[in-house]
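# Coordinate analysis (summary)
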Amino acid sequence: MSKKIKFMCTAFRDGFQSVYGARVLSKDFMPAVKVAYDAGIRWFEAGGGARFQSCYFYCQEDAFDVMDAFRAACPEADLQTLSRGVNVVGLDSQPSDIIKLHADMFKKHGMTTIRNFDALNDVNNLKWSGQCIHDAGLKHEVVVTMMGLPPGVDNKGAHTPEFYAERIKQILKAEIPFDRVCFKDASGTAAPRTVYETIKRARKLLPEGTHIQFHSHETAGNGLTCYLAALEGGADGIDLSMAPVSGGTCQPDIITMWHALRGSEFDLDIDINKIRGAEEAFKEAMKDYFLPPEALSASPVIIWSPMPGGALTANTQMLRDNGLMDKYDQMIDEMYDAVRCGGFGTSVTPVSQFYFQQAFNNVMFGKWKKIAPGYGKMVLGYFGKTPAEPDPEVVKIAAEQLGLEPTTKTVLEINDADAKKGRAAAEAMLKEAGLPINDENVFIAASCLEKGIAYLKDPANAPLGIRLNEKPKATSAGGACTVTVNGKAYGIELKDGKAIVNGQTYDYTVADGITAAAAAPAAGAAATGESITAPLPGLVLRITAPAGTAVKAGDEILVMEAMKMEMPIKAPKDGVVASVAVANGAKVNAGDVLATM
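A few words now on the pattern of salt bridges. In total, this model carries 26 salt bridges according to the counting rule given. In this structure, the salt-bridge partner of R180 is D78, at a minimum N-O distance of 3.5 Å. Linking R180 in strand β7 (residues 180-184) with D78 in strand β4 (residues 78-83), this pair joins segments that are 102 residues apart in sequence. For R180, a relative accessible area of 9% gives the class buried. Of the charged contacts in the structure, one is a salt bridge between D439 and R423, with a shortest N-O distance of 2.8 Å. Of this pair, D439 sits in helix α19 (residues 439-457) while R423 sits in helix α18 (residues 423-433), and the two are 16 residues apart along the sequence. If you follow the salt bridges from partner to partner, you end up with D78, R115, E141, R180 and D239 in one network.

Here it is as structure tokens:
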């Protein structure tokens, strides 16, 4: 008799993250969720991870409303979300009260299970978060994160079957309450033999009857092979997706896995024709969304630069938004050294983002010339203990650039003592913005900071960053268009050899290239001071030194966000800020003037 293999459908969470950078609207996909439920699927990944922040950052939606809608569509399903241990659903870590609030709010909004992982496999980061999940009445799926280290890198005892078995022993010794165990390989780079041996060892260590789940991606081309290895090793369940968000950077497709198991001792126990119908409905629902080419196929070289599917497309979306896609291959190459020198944290959010941010900085500014804050804090110990010791020279550079000393304190010790974090700090943000103070808003403020506040103040005008297929645009007979520069709109019409701009007629000519005169700043612009320009494209988060402020060299003038990094812009010399040329929320390009001194 065949063994019934349970599977979780990841299409509506990890699938979205791995293809669309988590930028999708619930009104577009929720009907497909109902069809999948009607087709017999009873276990869905329904939120958390990047899909929490993305709702506020890119989709003009409230993530809690989306969870409520998911529950309404699937009344009897196990709805599972993804949590990053002490980071819960953000890149930064949180104090104890926000970690508890996370579990309570997700329970309140219809979720039944939370998959809980720590990218460093530091069990200290799973203790409190796991306890909160359990105490909230949710199922706790505790995770050991996996990846394959780049070829040629000494593993230093990390990311081997023995290493993963030791993590299981530590979870058991810590008496963390759990209902299932998952081995999660977000980059799809673990070797099939490693997966097989890891599951076998875990089966011997865990209490009899413990459900073991396995998660991987097809990013490197061996996801399906690893799934078969996991089942042979004794796994009880696997994560599967549906087209158009299956294969490539995603999980294997349900139909593909069903076919791979035909004639074997394993069975998915599904009505394959109903599943086919569900996939067709899902493809129709998503037909207008842009499918990035890098999400559609496996990349064998990813084993040298272990980039998770979910991070890969999120980053390429940001690179496209900022006109930097031509740098992508260089950044992927730089991932090798970011991993090699970073202490071997598993390449899964937030660590995968730290790796990519550092690779990004190495390409844009020079090798180790600018340490990404997350990467630097990781090698210095502020996110927990890395599996191996980071490169000592990189640790030294990070300490110097960030002005921080290495630490061995636990993350909760650090965060619980930080007055800028926690419920009180979130309530202060809400009060200052004139917003209602309730549990949902507190969690949004704590996990999404300024962007969360901006959404709560004006949801209809929050950023809308979904990317749809481009359609041919109709052009008027007169060649009219609107060009917006620094927030000011100009109506431009080219007609009879003249340019009509906001009703005024001008002569114009067009020439290839940019002349020296055209490249120079407008007469008088910043002529009396030194210009401070944006080092790369990004978003202005906050201005900390308005015009008229006296500053010392190195003082912060404003903070930009680029590639999910906060980037302080500092004064190049002692003096007075003469002017600030941007406002909070402004999008800027590399070289744009931000302020003058």
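What follows is about the sheet that holds strand β21 (residues 579-580). Strand pairing in a sheet relies on backbone hydrogen bonds, with the paired strands running either antiparallel or parallel. Taking strand neighbours across the sheet as the criterion, the three strands line up as β15-β23-β21 in an open arrangement whose pairing is antiparallel. Of all strands in the sheet, those bounded by a partner on one side alone are β15 (531-533) and β21.

Turning to the packing of helix α5 (residues 96-108) against α19, a few remarks are in order. Helices that pack against each other are described as a pair by the angle of their axes relative to one another and the distance between those axes. Between α5 and α19, whose axes approach to 10 Å, the crossing angle comes to 130°. By the criterion of interaxial angle, the relationship of α5 to α19 is oblique. Crossing of α5 over α19 shows left-handed handedness. Taking contact as the criterion, the partners of I98, L101, H102, M105, F106 and K108 in α5 are, on α19, D439, E440, V442, F443 and A446. Split by residue class, the contact of α5 with α19 holds seven nonpolar, one polar and three charged.

Conventions used here
- Residues numbered from 1 in each chain as written.
- Predicted model: local features only at pLDDT ≥ 70, side-chain atom pairs only at ≥ 80, totals over all residues.
- Heavy atoms only, no water.
- Salt bridge = Lys/Arg side-chain N within 4 Å of Asp/Glu carboxyl O.
- Helix = DSSP H or I, 4+ residues; strand = E, 2+ residues; numbered from the N terminus.
- Buried < 20%, exposed > 50% of the residue type's maximum accessible area, 1.4 Å probe, protein only.
- Pairing = 2+ DSSP bridges.
- Axes fitted to C-alpha atoms, helices over the stretch in contact; angles between N-to-C directions.
- Parallel < 35°, antiparallel > 145°, perpendicular 65-115°, else oblique.
- Left-handed = near helix turned anticlockwise from the far one by under 90°.
- Contact = heavy atoms within 4.5 Å.
- Nonpolar A, V, L, I, M, F, W, Y, C, P; charged D, E, K, R; others polar.

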